[in-house]
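# A closer look at the structure
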Amino acid sequence: MHLSERSSGFVDLENAFGGKNYAPLPVVLSRGKGARVWDVDGKEYLDFLSAYSAVNQGHCHPKIVGALRDQAERLTLTSRAFYNDQLGPFEAWLCGLLGFERLIPMNSGAEAVETAIKLARRWGYDVKGVPQDRGKVIVCSGNFHGRTLGIISASTDPASRGGFGPYLPGFITVPFGDLEALEKALEDPDVVGFLFEPIQGEAGVVVPPEGYLSGASALCRKVRVLFIADEVQTGLARTGKMLACDYEQVKPDLLILGKALSGGILPVSAVLGSSEVILTIRPGEHGSTFGGNPLACAVARAAVEVLLDEKLAESAFASGKVFRERLSSLNSPLIETVRGKGLLNAIVIRPHGDNGKGGKRTAYDLCHELAEHGVLAKQTQVHTIRFAPPLVITGPEMEQGLSVIESVLKRAAESL
Ligand code: PLP
């Protein structure tokens with residue numbers, strides 16, 4: 001991709017002074033509105049990533065930015081050493097909306113997942129009667145729950161996990177989507193929780209077989225194991241329902257939310273559950289300086305209200321259908337699979353052509369080409385591209401994005 005002098009300046013600074021724990025596409029963004037973003041040279045793009053599904057409500061949504069501005073002028077952070085006038089009302093409202101008794105607010109998704117693991121262990125010891133320090137959490141192969149040491153200990157991805165040991169014990173891994181394997185793992189009496197993504201986002205938008213969520217929920221209930229849904233990526237309307245678990249009418253014992261909980265404005269996350277589970281952690285045993293801050297609560301309330309007011313789950317459901325139908329009907333020999341739910345979708349492509357470095361072109365090369373033509377998307381695995389635009393994307397914008405994607409894929413298919 002050609003980079004202007006201006007853009008190169010920003011890329012060079014990151015390369016010179018930043019850690020190299022990311023490999024961004026060479027696009028330097030400076031402005032966003034709805035489903036559109038602009039780079040420092042004023043070039044416009046359609047955002048088909050939404051900051052990994054954090055910007056479900058669209059970039060700089062005026063209602064959320066308004067809530068941010070109003071609250072920022074009044075009070076931003078008190079710490080939990082004191083009460084504030086935003087946290088309680090927000091907790092009551094979100095619990096009421098989603099049907100839970102209590103929540104613990106955190107900031108990043110990873111922190112909320114860690115909180116859920118701690119809650120499961122504590123509940124296991126205090127309520128279920130598992131002997132101290134023996135609690136185990138079942139996780140799925142291919143999972144992605146974040147980057148902390150606890151979480152990567154549960155990962156099967158060598159890139160996330162490799163070279164950071166020693167790892168936290170107490171995880172059992174089962175294949176994703178396999179109820180028999182889960183049932184077998186649940187025979188261990190020390191299991192306290194089953195932690196899963198309803199659709200595995202980072203693994204490449206892997207959708208489990210129908211009936212998996214309801215089957216897994218029933219199996220967990222039978223042996224009194226907490227059913228813990230990590231909906232950091234799938235939740236809050238992304239997959240065409242408020243929660244991806246709603247597709248199978250299952251209610252998790254612990255629900256983990258993050259990302260779009262603030263519409264991409266601030267890091268805000270939460271774990272929701274029953275009093276029986278949430279109250280097993282007592283004062284001083286867990287927390288975060290910023291978790292539950294009044295600014296985050298005001299922003300999160302506005303962000304979730306936008307999802308409801310603008311019926312974004314319904315929009316995602318409808319436009320996701322159009323998206324998958326259009327890409328499937330291409331019948332392109334380049335595309336192995338089109339999959340997803342709502343506006344969390346991915347295509348798996350065949351290696352093709354010549355990448356100029358002695359190999360075949362992969363999803364990475366296609367993402368570069370898409371960016372050149374004004375569509376921003378990112379590969380999740382070597383051969384998979386995730387497409388997850390903001391849920392506010394309009395019909396004409398979707399049409400525009402699809403026609404770019406279709407023409408890039410058609411051209412690539414010629415080099416198969
Ligand atoms: N859980 C899931 C399912 C995710 O997709 C992610 C991030 O991509 C996380 C947790 C971690 O969230 P964060 O990056 O905010 O820590």
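Described in the following lines is the structure provided in the data block. What you see is a predicted model; the values in this text were computed from it and never measured.

## Some words on the overall build of the chain
When its secondary structure is counted, the chain shows 14 helices and 15 strands. Radius of gyration (C-alpha) of the chain: 22 Å, near the 22 Å computed for a compact globule of 416 residues. With respect to the principal axes defined by its C-alpha atoms, the chain has extents near 60 × 55 × 45 Å. A total of 416 residues make up the chain; the buried ones form 54% of that total. Considering only residue pairs separated by 6 or more positions, the chain has 72% of its internal contacts joining residues 24 or more positions apart. Accessible area of the chain: about 18200 Å², with a carbon and sulfur share of 54%.

## Remarks on the site of the ligand
In the region of the ligand, the neighbouring residues are Ser108, Gly109, Ala110, Phe144, His145, Gly146, Glu197, Glu202, Asp230, Val232, Gln233 and Lys259. One of the backbone N or O atoms of Gly109 is found 2.9 Å from an oxygen atom in the ligand. Within the side chain of Lys259, one N or O atom sits 2.8 Å away from an oxygen atom of the ligand. Coverage of the ligand by the protein amounts to 80% of the 390 Å² it exposes when considered alone.

## Observations concerning the sheet that holds strand S2 (residues 36-39)
Strand order in the open sheet made by the four strands is S1-S2-S3-S13, with mixed pairing throughout. Each of the sheet's edge strands pairs with one partner strand only, and the pair in question is strand S1 (29-33) and strand S13 (375-376). The pairing of strand S3 (residues 44-47) with S13 spans two bridges and is parallel. Looking at S13, one finds that Asp47 is bridged to Leu376.

## Considerations on the side chain of Asp39
Position of Asp39 among the secondary structure elements: in strand S2. Despite its burial, Asp39 remains without a salt bridge, the nearest opposite charge being carried by Lys43 at 6.0 Å. Reaching out from Asp39, the side chain makes a polar contact with the backbone nitrogen of Lys43 at a distance of 2.9 Å. A distance of 2.9 Å separates the side chain of Asp39 from the side chain of Tyr45, its partner in a polar contact.

Thresholds, definitions, all that
Residue positions are given per chain, counted from 1 along the sequence in the order it is written. Totals for whole chains, interfaces and linings use every residue, but because this is a predicted model, local features are given only for residues with pLDDT of at least 70 and side-chain atom pairs only at 80 or more, for both listing and counting. Calculated side-chain values reflect all of the structure's heavy atoms, with hydrogen atoms and water omitted. Each helix is a run of H or I in the DSSP string that is no shorter than four residues. Each strand is a run of E no shorter than two, and both are numbered from the N terminus. Using C-alpha atoms as the atom set, the radius of gyration is obtained and then compared with a globule rule of 2.2 Å times the number of residues to the power 0.38. Buried, partly exposed and exposed residues are distinguished by accessible area as a fraction of the type maximum, computed with a 1.4 Å probe on protein chains only: under 20%, between the cut-offs, and over 50%, respectively. Contacts are residue-level and defined by heavy atoms, with any inter-residue pair within 4.5 Å sufficient. Only the protein chains shown count as cover for residues, and all accessible areas are computed by the Shrake-Rupley method using a 1.4 Å probe. Whether a residue is near a molecule or strand is decided by its heavy atoms; if any one of them lies within 4 Å of it, the residue is near. Nitrogen and oxygen atoms within 3.5 Å of one another constitute a polar contact, given that in protein one can donate a hydrogen and the other can accept it, and given that sequence-neighbouring residues count only through two side-chain atoms. One bridge is not enough; two strands pair if DSSP finds at least two bridges between them. In this tally, Asp and Glu contribute negative charge and Lys and Arg positive charge; neither His nor the terminal groups of the chain are included. Put simply, a salt bridge is a Lys or Arg side-chain nitrogen that is within 4 Å of an Asp or Glu carboxyl oxygen.

What is shown is where atoms sit, not what they do.
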